[in-house]
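# Structural overview
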Amino acid sequence: MTDIKYDSDADLGIIQGKKVAVVGYGSQGHAHAQNLRDSGVEVVVALKPGSKSTQKAEEAGFRVLTTPEATQWADVIVILAPDQHQRHLYSEDIAPNLADGKALVFGHGFNIRFGFIQPPAGVDVILVAPKGPGHTVRREYEAGRGVPVIVAVENDATGSAWDLAWSYSKGLGGLRAGGIVTTFTEETETDLFGEQAVLCGGTTQLVQYGFEVLSEAGYQPEIAYFEVLHELKLIVDLMWEGGIAKARWSISDTAEYGDYVSGPRVISPDVKENMKAVLADIQSGAFAKRFIDDQDAGAPEFQALRAKGEGHPIEQTGKKLRALFSWKHADADYVDGQVAR
């Protein structure tokens, strides 16, 4: 039975007694900084001079420092910059200003797992990974709830890294929902696999293929969009609420029977073997190397793949249809079809 930690298992006073620097003020950064501050923690935000996020952080009432200044000041340094930028940020601005007894906190284990960041022996190295995007982490905290967290300690230099990790998790609001022990390796490999094989890569490819099959068979693209993309949320919400069993209970007998007899024809055992190959590339570091090498070269493959995806016919069909929805609302992180990066 998995041991789940809750608020009663953690001492909030530990993180309240620390000076915390949150490096980055994006999706996760703003949520960590604001939730910790609302939990009574002294927080500064660390950003590069000229960062577009500086105004947002200052308007939210935070003192903004450069990363070297913040690293020198803080007891706990929370690295929440994008994975591909962390190692340069660490080597140039954080490592020269670290001291024994401080703690590094990560929201994802990528750079530790693959050795792009190698902290000194005298520093605690902690992972607190909320299982949700930053805006959800913030919204749930404000509502008096929380997003579950998975927590790991890679290096316990002080002997109290676990106590600090749980205290930080409580300040973030994660222990209202529950915290589960993991390792940097387990979190990183399962997170990458989930994204690539199911949540992002697997789902988007399945949706695109479904749209193509219906469109190529002569059906209206608008009808195809509704059937393979729009209604996906209904099923995912049911699965989120009560697992696959609730989704199957909620749909018609016709749909449930089709699930059983046709699902394995589309997602055949070959797909599972392909998933194993994806996992092997993650475990070996091949995916991490490909991603970082491409980023270091200016991200030509990444940009080409993004452009190809944005040019798929389903995107124009969807944009036209979504404009008709009376319940359509703007997302502060997604403006006029473009992600605010």
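Figured I'd write up the structure that's included with this text. Here the structure is a predicted model, which is why all the values come from computation and not from measurement.

A rise of 1.5 Å per residue sets the reference length of helix α2 (residues 27–38), with its 12 residues, at 16 Å; its end C-alpha atoms lie 17 Å apart and thus fit the reference within 8%. Buried within α2 we find Gly29, His30, Ala31, His32, Ala33, Gln34, Asn35 and Leu36.

We now examine the nonpolar core. Among the nonpolar cores identified, the biggest contains 33 residues, and Val20 and Ile126 are the most heavily contacted of them. Every element with two or more residues in this core is listed here: β2 (19–23), α2, β3 (42–46), β5 (76–79), β6 (103–106), β7 (124–130), β8 (149–155) and α8 (161–172). In terms of residues, this core owes the most to one element, α8, which gives six residues. If sequence neighbours within four positions are ignored, Val20 has contacts with Ile15, Leu36, Val41, Glu42, Val43, Val44, Trp73, Ala74, Val76 and Val78. By size, the runner-up hydrophobic cluster in this structure holds 26 residues, among which are Ile77, Tyr90, Ile117 and Val123.

Below, the discussion takes up a nonpolar patch on the surface. Together, Leu234, Ile235, Met239 and Ile244 line one region of the surface with nonpolar side chains, adding up to about 340 Å² of accessible area. On the basis of relative accessibility, which here comes to 35%, the residue Met239 falls in the partly exposed class.

For β3, the buried fraction is high: four of the five residues fall into the buried class. One ladder, built from five bridges, connects β2 with β3; its direction is parallel. Bridge assignment links Ala21 to a residue of β3, and that residue is Val44. You can see the chain leave β2, run along α2 and come back into β3, and the turn it takes is right-handed. Of the pairings in the sheet, the one linking β3 to strand β4 (residues 64–65) comprises two bridges and is parallel in character. Looking at the pairing, Val45 lines up with Val64 of β4. Between β3 and its parallel partner β4, the chain crosses via helix α3 (residues 53–59), and the hand of that crossover is right-handed.

What follows covers the packing of helix α5 (residues 83–94) against helix α15 (residues 286–296). Where α5 contacts α15, the axes come no closer than 9 Å and their chain directions differ by 70 degrees. When the axes of α5 and α15 are compared, the pair comes out roughly perpendicular. Packed against α5, whose contacting residues are Gln84, Arg87 and His88, the element α15 presents Phe291, Ile292, Gln295 and Asp296 at the interface. Its residues assigned to classes, the contact of α5 with α15 shows two nonpolar, three polar and two charged.

This part covers empty space enclosed by the protein. Under the counting rule described, the total for this entry stands at one cavity of 30 Å³ or more. Volume-wise, the largest cavity comes out at about 30 Å³. If you go around the largest cavity, the residues you meet are Pro130, Val137, Gly146, Val147, Val149, Leu172, Gly173 and Gly174. When its residues are assigned to classes, the lining of the largest cavity shows five nonpolar, three polar and no charged.

What follows is about the pattern of salt bridges. This model, assessed by the stated rule, comprises 15 salt bridges. Its salt-bridge partner being Lys5, residue Asp3 comes within 3.3 Å of it at the nearest N-O pair. Among the residues examined, Asp3 registers a relative accessible area of 48% and is labelled partly exposed. A salt bridge links Glu301 to Arg290; the nearest nitrogen and oxygen atoms lie 2.4 Å apart. Linking Glu301 in helix α16 (residues 300–310) with Arg290 in helix α15, this pair joins segments that are 11 residues apart in sequence. Connected via shared salt-bridge partners are Asp38, Arg138 and Glu142.

With that settled, consider the sheet that holds β6. Spatially, nine strands are ordered β1-β9-β8-β7-β6-β5-β2-β3-β4 in an open sheet, and the strand pairing comes out mixed. The two strands at the open ends of the sheet, each matched to only one other strand, are β1 (4–5) and β4. Where β5 meets β6, four bridges bridge the pair, whose relative direction is parallel. By the bridge assignment for β6, Val78 is matched with Val105. Of the strands in this sheet, β2, β5 and β6 are in contact with α5, which crosses β5 at around 150 degrees. In this fold helix α9 (residues 184–199) packs onto β6, β7, β8 and β9 (179–181), with an angle of close to 35 degrees to the strand it touches most, β7.

With that settled, consider the side chain of Glu187. Position of Glu187 relative to the elements: it lies in helix α9. Lacking a salt bridge, the buried Glu187 has Lys131 as its closest oppositely charged neighbour, with an N-O distance of 4.9 Å. With near-sequence residues (within four places) excluded, Glu187 lies in contact with Gly107, His108, Gly109, Leu127, Ala129, Ile150 and Thr182.

Quick notes on the rules
- Residues numbered from 1 in each chain as written.
- Predicted model: local features only at pLDDT ≥ 70, side-chain atom pairs only at ≥ 80, totals over all residues.
- Heavy atoms only, no water.
- Helix = DSSP H or I, 4+ residues; strand = E, 2+ residues; numbered from the N terminus.
- Expected span 1.5 Å × (residues − 1).
- Buried < 20%, exposed > 50% of the residue type's maximum accessible area, 1.4 Å probe, protein only.
- Core = buried A, V, L, I, M, F, W, Y, C linked by side-chain atoms within 4.5 Å.
- Contact = heavy atoms within 4.5 Å.
- Patch = residues over 30% accessible without salt bridge, like charges linked within 9 Å, V, L, I, M, F, W, Y side chains within 5 Å.
- Areas by Shrake-Rupley, 256 points an atom, 1.4 Å probe, with all protein chains shown as cover.
- Salt bridge = Lys/Arg side-chain N within 4 Å of Asp/Glu carboxyl O.
- Pairing = 2+ DSSP bridges.
- Right-handed = clockwise from strand over helix to strand, strands pointing away.
- Axes fitted to C-alpha atoms, helices over the stretch in contact; angles between N-to-C directions.
- Parallel < 35°, antiparallel > 145°, perpendicular 65-115°, else oblique.
- Nonpolar A, V, L, I, M, F, W, Y, C, P; charged D, E, K, R; others polar.
- 1 Å grid on protein atoms, 1.4 Å probe; cavity = no way out; pocket = protein on both sides within 12 Å on 5 of 7 lines; lining within 4 Å.
- Points joined across faces, edges and corners; volume = space filled by probe spheres on them.
- Lys, Arg positive; Asp, Glu negative; His and termini not counted.

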